[in-house]
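Descriptive analysis of the structure
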Amino acid sequence: MMNIRSVAGQMFVLQVLIVLLLVVAAVVALLIQSRSDRYDAARDRSLAAAQAFAHSPGLVDAMQGPDPSAVLQPLTEAARKDAHVDFIVVTDRNGIRYTHPQPEQIGKQFVGTIGPSLNGAVTVEQVHGPLGLEYQVVVPVEDANGSVVGIVSSGMKVANVSSAVNRQLPVVLGAGTVALGLATAGTALVGRRLLRQTHGLGPEEMTRMYEHHDAVLHAVREGVAIVGGDGRVRLANDEARRLLDLPPDVEGRAVTDLGLAPRTAELLVSGRAVSDEVLPVGERLLAVNTRPTDSGGGPSGSVTTLRDSTELLALAGKAEIARGRLRLLYDASMSIGTTLDVRRTAEELAQVATREFCDYATVDLAEEVLRGEEPPVLTVGAPVELERVAVTGVRDDSPLYPQGELVRWAGSTPHAAGFVSGRSALVPEVAVDAGWRKQDAERTRAVMDFGLVSLVAVPLTARGVLMGVACYWRGRDKEPFDEDDLSLGEELAARAAVSIDNARRYTREHTMAVTLQHSLLPRGLPEQSALDVAYRYLPAQAGVGGDWFDVIPLSGTRVALVVGDVVGHGLHAAATMGRLRTAVQNFSTLDLPPDELLGHLDDLVTHIDQEAAAVEGSLAITGATCLYAIYDPTTATCVLARAGHPPPALVRLDGTAELLDLPAGPPLGLGGMPFEAMEVRLDPGSSLVLYTDGLIEDRTRDLGVGLDVLTASLARPDRSPQEACDAVLDALLPARQTDDIALLVARTRVLEPGRTAEWQVDENPAAVARARADATRQLTEWGLDEAVFVTELVLSELVTNAIRYATGPITMRLLYDRTLICEVSDTSSTAPHLRYAVADDEGGRGLFLVARLAERWGVRYTSQGKIIWAEQFLEPGAGTAWPLDAMAWPVDDAAWPADE
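What counts, and at which threshold
Residues numbered from 1 in each chain as written. Predicted model: local features only at pLDDT ≥ 70, side-chain atom pairs only at ≥ 80, totals over all residues. Heavy atoms only, no water. Salt bridge = Lys/Arg side-chain N within 4 Å of Asp/Glu carboxyl O. Buried < 20%, exposed > 50% of the residue type's maximum accessible area, 1.4 Å probe, protein only. Helix = DSSP H or I, 4+ residues; strand = E, 2+ residues; numbered from the N terminus. Pairing = 2+ DSSP bridges. Axes fitted to C-alpha atoms, helices over the stretch in contact; angles between N-to-C directions. Expected span 1.5 Å × (residues − 1). Arc of directions from axis to C-beta. Contact = heavy atoms within 4.5 Å. Core = buried A, V, L, I, M, F, W, Y, C linked by side-chain atoms within 4.5 Å. Patch = residues over 30% accessible without salt bridge, like charges linked within 9 Å, V, L, I, M, F, W, Y side chains within 5 Å. Areas by Shrake-Rupley, 256 points an atom, 1.4 Å probe, with all protein chains shown as cover. Lys, Arg positive; Asp, Glu negative; His and termini not counted. Charge placed at Lys NZ, Arg CZ, Asp CG, Glu CD. pLDDT = per-residue confidence, 0-100. Parallel < 35°, antiparallel > 145°, perpendicular 65-115°, else oblique. Left-handed = near helix turned anticlockwise from the far one by under 90°. Nonpolar A, V, L, I, M, F, W, Y, C, P; charged D, E, K, R; others polar.

Below, the discussion takes up the pattern of salt bridges. Throughout the structure, instances matching the rule amount to 32 salt bridges. For Arg272, the salt bridge identified is with Glu266, shortest N-O distance 3.7 Å. What makes Glu266 partly exposed here is its relative accessible area of 40%. Arg777 is the partner of Asp774 in a salt bridge, and the nearest nitrogen-oxygen pair spans 2.4 Å. Taken as a pair, Asp774 and Arg777 lie in helix 20 (residues 767–782) at a separation of three residues, close to a single helical turn. What you see here is one network of salt bridges that share partners, running through Arg344, Glu347 and Glu348.

Here we come to the sheet that holds strand 30 (residues 866–872). Across the sheet, five strands lie side by side as 26-27-28-30-29; this open sheet has antiparallel pairing. Edge positions in the sheet fall to strand 26 (756–761) and strand 29 (856–861), since each has one partner strand and no second. For this sheet, the mean inter-axis angle between neighbouring strands, taken without regard to orientation, is 15°. Across six bridges, strand 27 (residues 810–816) lies against strand 28 (residues 820–826) in antiparallel orientation.

Across the chain, the bulk of peptide bonds are trans and the bulk of non-glycine residues have phi less than zero. Even without glycine at this site, His84 takes up a positive phi of about 60°. In this fold, His84 is placed in the loop between helix 3 (68–83) and strand 1 (87–91). Phi is positive for Thr557, close to 65°, though the residue is something other than glycine. Position of Thr557 among the secondary structure elements: in the loop between strand 17 (545–553) and strand 18 (559–569).

Compared with an ideal rise of 1.5 Å per residue, which puts twelve residues at 16 Å, helix 18 (residues 703–714) spans 17 Å between its outermost C-alpha atoms and is within 8% of the ideal. Those residues of helix 18 lying buried are Gly706, Leu707, Leu710, Thr711, Ser713 and Leu714. Summarising the axial view, the buried residues of helix 18 lie within an arc of 165°, below the 170-degree limit, and thus occupy one face. When the buried face of helix 18 is taken as reference, the exposed residues oriented beyond 90 degrees from it are Asp708 and Ala712.

Within strand 15 (residues 465–475), ten of the eleven residues are buried, which leaves it mostly tucked inside the rest of the structure. With six bridges joining them, strand 10 (residues 360–365) and strand 15 adopt antiparallel strand pairing. Within the sheet, the bridge partner assigned to Ala361 lies in strand 15 and is Tyr472. Direction of pairing for strand 14 (residues 452–462) relative to strand 15: antiparallel, over a ladder of ten bridges. What sits directly across from Ala462, in strand 15, is Val465.

Pairing is antiparallel across the open sheet formed by five strands, whose spatial order is 16-25-24-21-22. Each edge of the open sheet is held by one strand with a lone partner, namely strand 16 (531–538) and strand 22 (657–659). Adjacent strand axes in the sheet meet at a mean angle of 20° when their direction is disregarded. Sheet topology note: the strand 24 (residues 687–691)/strand 25 (residues 741–748) ladder contains five bridges and is antiparallel. Pairing of Ser687 across the sheet is with Arg747, part of strand 25. With respect to the sheet, helix 18 is in contact with strand 21 (649–651), strand 22 and strand 24, its orientation differing from that of strand 22 by roughly 150°.

Right, let's talk about the nonpolar core for a bit. Side chains that are nonpolar tend, in soluble globular proteins, to be buried together. Counting 59 residues, the largest nonpolar core has Leu349, Leu365, Leu460, Tyr472, Trp473 and Leu492 as its most contacted members. Beyond its immediate stretch of four places on either side in the chain, Leu460 contacts Leu349, Val363, Leu365, Val465, Leu466, Met467, Gly468, Val469, Ala470, Ala493, Ala497 and Ile500. By size, the runner-up hydrophobic cluster in this structure holds 52 residues, among which are Leu554, Ala583, Leu662 and Phe675.

A separate point is the pairing of strand 17. Burial analysis of strand 17 places eight of its nine residues in the buried class, which makes it a mostly covered element. By the bridge criterion, nine bridges tie strand 17 to strand 18 in an arrangement that is antiparallel. Bridge pairing links Gly546 to Val566 in strand 18. Connecting strand 17 to the antiparallel partner strand 18 that follows it, the hairpin turn spans five residues, and Gly556 within it adopts a positive phi of roughly 70°.

All right, on to a negative patch on the surface then. Taken together, the side chains of Glu479, Asp482, Glu483, Asp484 and Glu490 make up a negatively charged region of the molecular surface. Along the chain, the position of Glu483 falls in helix 15 (residues 483–520).

This paragraph deals with the confidence of the model for the protein. Averaged over the protein, the pLDDT score is 81; the fraction of residues at 70 or greater is 85%. This model gives residues 877–900 a pLDDT under 50, and the stretch forms 51 contacts once residues within four places in sequence are excluded.

Turning our eyes to something else, we now look at the environment of Gly301. With respect to the helices and strands, Gly301 occurs in strand 9 (residues 301–308). A sequence separation of 73 residues divides Gly301 from Gly228, and the C-alpha atoms of the two residues are 4.0 Å apart. Leave out the neighbours within four places in its chain, and Gly301 touches Val227, Gly228, Gly229, Pro292, Thr293 and Asp294.

Before going further, it helps to examine the packing of helix 10 (residues 342–356) against helix 15. The geometry of helix 10 relative to helix 15 is characterised by a closest axis approach of 8 Å and an angle of 165° between their N-to-C directions. It follows from the interaxial angle that helix 10 and helix 15 lie roughly antiparallel. By crossing handedness, the relation of helix 10 to helix 15 is classed as right-handed. On helix 15, the residues that touch Val342, Thr345, Ala346, Leu349, Val352 and Ala353 of helix 10 are Leu492, Ala496, Ser499, Ile500, Ala503, Arg504 and Thr507. Split into classes, the residues belonging to the contact of helix 10 with helix 15 amount to nine nonpolar, three polar and one charged.

If you want it as structure tokens, here you go:
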């Protein structure tokens, strides 16, 4: 029998291994070729299915339809089965699935790469999807204009593709077995012949061979260590003993008993293949290569070679520092500028810098920057006043200036010099820096006693604007700052400065918009007796909106309530809101009914849109809504009309709340549709609630839910308007308010019957005297004797004009409220006009006299005709300051002039 330890036996084994290696290589090659064939087949089949379905007629229309999944799911499943692929998936541009073989995956995010396909390319990739390891093709779906409206992906698992390897492998293995038998037989014959000729190696040859191997092993300047499968050292040359600091009797001992570092011991006994892995051992840096010894049929274990690469340690350290700085800059880009708040951005810079770069970081900004302005340009050497907006460090008890303090820096300090010149300053040792020590001797001593020894001051500059200074401090336990640290500090400051400047500019624009908005909103509620009104106006947390409200006193003790909303945010919305509010106030002076007023407002918005189209070249809809209501306390009625605005709520005396079924009307600016008004009788003490959509709309709830919560929060009797406002906001105010909220709660009152007097006037000039007498008698009953003279003059003019120029019944009415109101109504639609009469005119002075004696006067139209009214204050002496003794006009009825 052949001895395996002999050369002949070893040659026999070598021949057998070569044959086996060839057989294995053939099998591996066959498997690799089979795997390639499978991938090609899966790719080609998937590409054909995806291309065919992506270009199928009607696909684009189905994807743009109301329910793409319902239409496409059965079609894709049928196509998938016909094409013999595992899946065909259709998604939108965002990668949300419309179809999938597993219906529960519909609506979820597509697993794969869709970016190139959105640009019109075809993507072929291998992914781990819901069905497992898949080979998939992503094809864009284009509409008639060539725009990508979605994607179609088709693919299949590679394991499902049949291959020829199943048929070829038995043939290869059979051939390999035959070859192995032949090689074994031939090798056996050759081995016997060699064994007979050489009789094997002798002891001397074997000893000499071992001595040569041992000499070479211990002479090389590369450590070699062989570890058996049991974790014990079989061999370690002299270099390995030196590099790993091994004891002399290392052979035969377990690696875990040698006192090596855990990572070193694990690497020696792992048995895994390692190439040039850097291993720190003490002060050395070793390059380690490990190979298992049993891969070729040898004994279990591994052989490890070690090279001393200590000279690479410095380069590795620098590389590590560079990686740390890149990581710090990456963290800064992700952490700085998350908000448009100047102070928060400065705090983010200080927090990022103190993670790895320095022990303490401070940020000082000019006060103008905090207000959104640009700081003034200073001369070199001038002192600088900066506010400390951020200070962060490893401890909270540092002697640095605290956050919020306004610091006046001397011109010689790095802070002031950097802010004025825009150049950074590196102070490796603050103890020897004369400029910094001049700032505050006591605080300087405290800073050095605290252990801060090194400083970098970097100005915060963006777009040519110097905004402040960022300072980095290090203590004694770290290396002082060097030029590389200065560059890193400047890079951090530069990134933060851009974010701070963005926040500063946003602050300026936001302040301007808020100032504009506040200037356009009511500063307070006017005095009136018809309604007890409370309001709340809450601007959005971000941006400025176009919501507004108004309470406008009208003639005859009536009051108009207005709530409106301009869609959008920003200066344009606020400016448009101001224009609409001014227009409503102007239209209200004409005493127009709500529906007519909204019609005029609709024309104005249309004109605004046309102006914008003339400038911008395209027609844009402003988007505004409005609700206008007029309450009359003499009749306890309210007339309302709305243009696309949410309906008002009515809270009755018993506490029940309901939404008024008020005709909606189109939003302002659409034109072509009339507005419809509705009259509602309101019991005294009931409340009318007007609001904007920001109160009831929220991302977390539906509009109907918001209206239900509104009525539920209002449904409570005996609650003041102020309390009602608070209750509504407590129930509906969202956690993050994204739109303006305007809320108006008005509790109704009525004018006491004893404060109203009304008479019918005959169409006879003699009736003027009776009208004056009736008015005088009524004023005496009210205790308004001081107003008798002016009231007689006003009523004489108004009644005389009605008798001379009007038709139909004439009615005179006095209203005693905060003011005294005289009204004369008739059925004529023609109103008198105030004019200046020349010296030889016989008339034209009557209304001029009324305008001078009364506080206000005007005309309002009704369905029966018109009402001419005049209002006068009741304070002593009010309305009589005009020099009546200078007038030479008679006051008898026959000679009283009338305006035409």
